Amino acid sequence: MTISFGNPDRPNSYIGKTVPRPNAPRLVQGRGKYVDDIVLPRMAHVVFVRSPHAHARIGAIETAEAQGVKGVLRIFTGAEIAEVCTPWVAVLAHLKGLKSPPQHALAVDRTCWVGEPVAAVVATSRAAAEEAAALVDVDYTPLPAVTDMMTALDAATPVLHPDMGDNLAFRRLHEEGDVDAAFASAHKVVEARFKTARHTGVTLEPRSILVDWNPAEGQMTAWHATQAPHMMQTVFAKHLDLPEGRVRVICDDVGGSYGIKVHVYPDEVATAAIARIMARPVKFVADRLESFTTDIHARDHEIGGRIAVDADGKILAMDIDDWTAIGAYSVYPRTSAIEGNQVVNLCGGPYDFAHYRAQTSVVFQNKTPTCQYRAVGHPIAVAVTEGLVDMAAAAIGMDPVEIRRRNMYADDAYPVTSPAKMRFEGLSHHASMDKLMALMDYEGLRAEQAALREKGIHRGIGIASFIELTNPSPFMYGIGGARISAQDGCTVRMDPDGSIVALSGVTEQGQGTEAMLAQIVAEGVGVPPARVRVITGDTQVTPYGGGTWASRGAGIGGEAALQSALALKASILEVAGAMLQAPSEALDIRDGQVVDTATGEARMPLEELGRIVYFRGDTLPKGLPRELVQTRHFITSDYPFAFTNGVQASYLEVDTDTGEVKLLKHWCVEDCGRIINPQLVDEQIRGGIVQGLGGALYEEIHYDADGQLLNGSMADYLVPMAAEMPDMIVGHVETPTMESALGAKGAGEAGTAGAPAAVMNAINDALRPMGAQVTAMPFTPERILRAMGQIED
Amino acid sequence: MKALAGGYARAKDVAHALDLLAAADGMGRVLAGGQSLIAAMNMRLSTGDMLVDISRIEALRGVTVEGGTLRIGALTRHVDIGTDPLVAEHAPLLVQAVHHIAHAAIRNRGTIGGSLAHADPAAEFPACVLALGGTIHLQGPDGMRAVAAEDFFVDVFETAIAEGEILTAITLPLIEPGERHVLIETARRSGDYALAGLCLVKRAAGHRLSAFSVGPRPILAVAAMERLDAGDAAGAVQALRNEIDPPSDTQASAAYRRHLAGVLLTRALQDLTGETA
Ligand SMILES: Cc1cc2nc3c(=O)[nH]c(=O)nc-3n(C[C@H](O)[C@H](O)[C@H](O)COP(=O)(O)OP(=O)(O)OC[C@H]3O[C@@H](n4cnc5c(N)ncnc54)[C@H](O)[C@@H]3O)c2cc1C
């Protein structure tokens, strides 16, 4: 069965329409169910004693005084937890050479970053556990801390993990063509150094987990704010030595994840271990300080980049030297080498050029571990690429839009393989750029900019083209040996009253997954979306799947939902055909009714069919298949990833006396293939842009030279706020992927991928007449004034 | 984190509050709007406090003109300062300040007395009261006393309030004909504490200029005031940059703040002459 997406008047045409989110009223009325809302009988709370040192040997742990606090049940050290919980090593076979030492749930013998859990206090209330935790006396012997990325490999720098030999976790060099020759003969070579700041995801709901161990059933149940319940099921089973089938992970409402909640956190595994030992429910909810010191960080990169162009602005070559420092451990199980690897894969992404060299060097240091956060590697790669392209354009006196037009892959060039060896099925760089130009009135803005410049007002226009990796296949993690599912499944069933229940392996983190699934299933079966109930986030209930990551929910989970819904429709129509004595091909389901396809005449409501199937099955022919439930799984197989593309633009004003940047307007035209719900896509783009703007202007985790975190609160780690955000205009080009009937690619990360580059280019466009340029994010007022030479000391 | 209070009592009136503080054995802590104190307690930066909640003492709230001064009760909330007609008439500087303080939810609870007593060096109200030459009124076991704003702010989070005393009101001179006020600041995001800020008051007798977020307490920039009175704007900018000793932190360096203070003074002067204040 196919769907004529081109016809907006087709029956049950919910795909492509803004359909209200079924879970929105529940959430806005405060009827959501987050982990912290769940209270179980005999539930205890765990609080972690965390290292105040970036690197220290752990001596005796004195707990007697803490034990005396009223309400304290038990105190655990790392060694005690290690008796029931094995350590993990976060490497992947396809990331050759990646190394990382075993990591324990609670540090044993040595602590490697400020915030690492060292002991756990379990009490009848969080307050009592906190009070006791403050009384646990750990004898630390401070060790020298490795905190500087660029000197991490120097001979004079201590080796953080002596067993590992050196501080290099991973290095990958990719080389294509003859880069040196291309640079040697180029008309123009431009080079620059870029920095992206250490960020974290700042989810509204902090990391939360409640674990119960029921010895009578031999079953562990974890209520977990996670993106990947099935992955966590494997992790708990493996490291606590339980059969996978005896671990159930339930993921009800989640208050935002952005990639932060797809990783294995030592304190969360420790919580599970403690529940196992104490045989009672144990809850851990991170507070905001814990979020800043223990949620994964990301994007801490320094990059040297060079670009070579000919006199016509054709890109000849790019040469990228990326460095990132990941903390003391590679994060389990996705590893901390992926971000640097993505920089290698994505630089130069939109452009058709031949000679490419990129290397990433991933080093250990004594800070919070880094790992995948929304748009993994993209904001870095796009900033470097688009920054260099703009600098090259300026160097040869070409308009930044023109140089892009001369280099982007032609819209009819696909399929094509990039110099980074990424395979593109179908992108629309030129159509997207054309649409952007029209939306923003580029020429008009340039005229306005010039006129204001005369009056001493310095505005800038910045453009950033980008590609985004979505719908990953097992090439992302599976081939490396991680039990991370790239496939996903959906079960759709019809109940006696004609209502539809869909069980999906992808998860809802607040982004609207359930709305998207509901409208796909509604269209696939032929009922109004309000008749579809979607259930996600329960390993014991839903088909096996990967959950939420790498913008895969709609493209992978959506296709599984569509196929299972179409299969259910076929099953229903087979029964209907028998009941109505009509060939099932002549029947259709529309708006919850079985109808004649040709005339649209109603023949039978679904509830009547349900009544017969479930209560009067005796009246149906013997042997008639009557399973009103269907499951389908989907995995991509033609391409390792479904790339999307787009282009963003920023218009802003720089106050050249204070260095402040005022964002005036932002545009994004993107191509995520088939749009299922326009409003959800637009809000994903807007939210993503806001996160990107945060990276460009505000967000930066600061450490001192000893590895002490300096800004662990919302007062000091500045996230973007509504008042500073510009109007955003979002436009679309739709190039559906041919891998699925649905044709959807991902849209969750595009905004974040391109926004920082657009802002950087706009600031530099404003500053260029003054001979100044900024390349180190975030672009604080001070960094801008320093670039302008306004501050001497 | 969970706050750890030593106890809580709601005071009926000032005398009751003073008794509660006296009985708290040095652990007494006045709770007004709670917008700084509760945050500190929730970070466990302050534990074991015996909270003396003064927020229901009506006598400490409101704005009047009394004895040739503008009197603002300690419990007057930021939001009420922003809309009070007497404040608008006599101390428009405070009204300007309100627009820069935090967000609506905080302005609905935070009090001017709490802001002065808390003495955050980046806060607006302390610098306003200093620029306006106000007086801070305190009441303690030994009775009442009045402290000039110049003598009130001692160091970061430290004031002339003695153990067991309560800040009851602020008095400010009534506005003169032709008097003008300008508050100007730069913050990373709207509602954030300023990277640097200035309060400029122009009276017949001369200029008064205070600066905030550029040292351990709001300072009166006397050298710059003298240059302003002499009509030397450039000299005033230089003098201001010389007489402040700003901190460096994760948001900005001392050098940036020093530069910024000068830029802000130039802009404040443009505001004064441009009659836009
Ligand atoms: C997110 C956020 C942003 C903020 N941004 C700003 C800003 O930009 N600018 C700004 O100026 N402020 C800002 N504030 C602080 C806010 O203005 C507070 O309300 C104010 O500093 C304290 O007033 P309060 O009434 O809430 O005092 P409380 O929090 O109740 O008390 C603060 C301190 O003062 C003492 N105290 C209070 N009242 C008295 C009294 N009458 N006598 C003696 N001692 C007393 C308390 O014991 C305590 O030590 C912000 C606060 C938050 C939470």
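Residues numbered from 1 in each chain as written. Chains lettered and ligands numbered in written order. Predicted model: local features only at pLDDT ≥ 70, side-chain atom pairs only at ≥ 80, totals over all residues. Heavy atoms only, no water.

Next up on the list: the overall build of chain A. Along the backbone of chain A there are 19 helices and 30 strands. In summary, chain A has a C-alpha radius of gyration of 28 Å against a globular reference of 28 Å for 793 residues, a match within 12%. When the backbone C-alpha atoms are referred to their principal axes, chain A occupies close to 90 × 70 × 45 Å. Taking all 793 residues of chain A together, 65% fall into the buried category. Sequence-distant contacts, at least 24 apart, represent 79% of the contacts inside chain A between residues at least 6 apart. Of the roughly 26900 Å² that chain A leaves accessible, carbon and sulfur atoms contribute 51%. Charge-centre separation for chain A: the mean point of 68 positive side chains lies 4 Å from the mean point of 97 negative side chains. (Helix = DSSP H or I, 4+ residues; strand = E, 2+ residues; numbered from the N terminus. Rg over C-alpha atoms; globule rule 2.2 N^0.38 Å. Buried < 20%, exposed > 50% of the residue type's maximum accessible area, 1.4 Å probe, protein only. Contact = heavy atoms within 4.5 Å. Areas by Shrake-Rupley, 256 points an atom, 1.4 Å probe, with all protein chains shown as cover. Lys, Arg positive; Asp, Glu negative; His and termini not counted. Charge placed at Lys NZ, Arg CZ, Asp CG, Glu CD.)

To continue, consider the site of the ligand. Residue and element names in this part refer to chain B. The full set close to the ligand counts 28 residues, and V30, G34, L37, T111 and E124 are the nearest of them. In the environment of the ligand, an oxygen atom lies 2.7 Å from a nitrogen or oxygen atom belonging to the backbone of Q35. Residue L37 places a main-chain N or O atom 2.7 Å away from an oxygen atom belonging to the ligand. Notes on the ligand: free accessible area 960 Å², of which the protein chains cover 88%. Where the shell around the ligand is concerned, the elements lending two or more residues are strand 2 (28-31), helix 7 (112-118) and strand 10 (166-173). Element by element, the count of residues in the shell around the ligand is highest for helix 7, at four residues. Partitioned by chemical class, the residues of the shell around the ligand number 13 nonpolar, 12 polar and three charged. (Near = heavy atom within 4 Å. Polar contact = N/O pair within 3.5 Å; in protein donor to acceptor, adjacent residues only side chain to side chain. Nonpolar A, V, L, I, M, F, W, Y, C, P; charged D, E, K, R; others polar.)

It is worth spelling out the sheet that holds strand 23 (residues 532-536) of chain A at this point. All names here are of chain A. Pairing in this open sheet of four strands is mixed, and the strands run 23-22-21-27 from one edge to the other. For this open sheet the edge positions go to strand 23 and strand 27 (629-634), each flanked by a neighbour on one side alone. Adjacent strand axes in the sheet meet at a mean angle of 15 degrees when their direction is disregarded. Here strand 21 (residues 488-494) runs beside strand 22 (residues 500-504); their pairing, made up of five bridges, is antiparallel. (Pairing = 2+ DSSP bridges. Axes fitted to C-alpha atoms, helices over the stretch in contact; angles between N-to-C directions.)

This part covers the pairing of strand 15 (residues 301-309) of chain A. Residues and elements named next belong to chain A. In terms of burial, strand 15 is largely enclosed, as eight of its nine residues are buried. Here strand 8 (residues 188-196) runs beside strand 15; their pairing, made up of nine bridges, is antiparallel. Its bridge partner being in strand 15, V189 is matched across the sheet by A308. For strand 15 and strand 16 (residues 315-325), the ladder comprises nine bridges, and the chain directions are antiparallel. When the sheet's bridge partners are listed, V309 is paired in strand 16 with I315. The loop that links strand 15 with its antiparallel partner strand 16 comprises five residues; one of these, G313, has a positive phi angle of about 85 degrees.

Once that is clear, we can look at the domain arrangement of chain A. Residue and element names in this part refer to chain A. Assigned domains within chain A: domain 1 (24-33 + 487-634), domain 2 (38-144 + 204-257 + 260-294) and domain 3 (297-474 + 638-787). Each side of the interface is counted separately: domain 1 has 22 residues, and domain 2 has 21 residues. Between domain 1 and domain 2 lies a buried interface of about 1600 Å² when both sides are counted; carbon and sulfur atoms form 42% of it. The tally of links between domain 1 and domain 2 comes to three salt bridges. Two residues, D253 and R26, come together in a salt bridge whose shortest N-O distance is 2.6 Å. (Domains from an automatic or database assignment. Buried area = accessible area lost by both parts, 1.4 Å probe. Salt bridge = Lys/Arg side-chain N within 4 Å of Asp/Glu carboxyl O.)

Next up on the list: the environment of R246 of chain A. All names here are of chain A. Assignment of secondary structure puts R246 in the loop between helix 6 (229-239) and strand 12 (247-250). On the basis of relative accessibility, which here comes to 38%, the residue R246 falls in the partly exposed class. Sequence-wise, R246 and Q233 are 13 residues apart; in three dimensions their C-alpha atoms are separated by 8.9 Å. Aside from chain neighbours lying at most four places away, what touches R246 is E217, G218, Q219 and M220.

A few words now on the sheet that holds strand 7 (residues 168-176) of chain A. In any sheet, the strands associate via hydrogen bonds between backbone groups, in a parallel or an antiparallel arrangement. Residues and elements named next belong to chain A. Ordered by their spatial adjacency, five strands build an open sheet running 7-17-16-15-8, and the pairing between neighbours is mixed. Pairing within the sheet leaves two strands with one partner each, and these edge strands are strand 7 and strand 8. Strand after strand, the sheet turns through a mean of 5 degrees between neighbouring axes, direction not considered. Most of the contacts of helix 10 (residues 378-395) go to strand 8, to which it runs at about 145 degrees, and overall it touches strand 8, strand 15 and strand 16.

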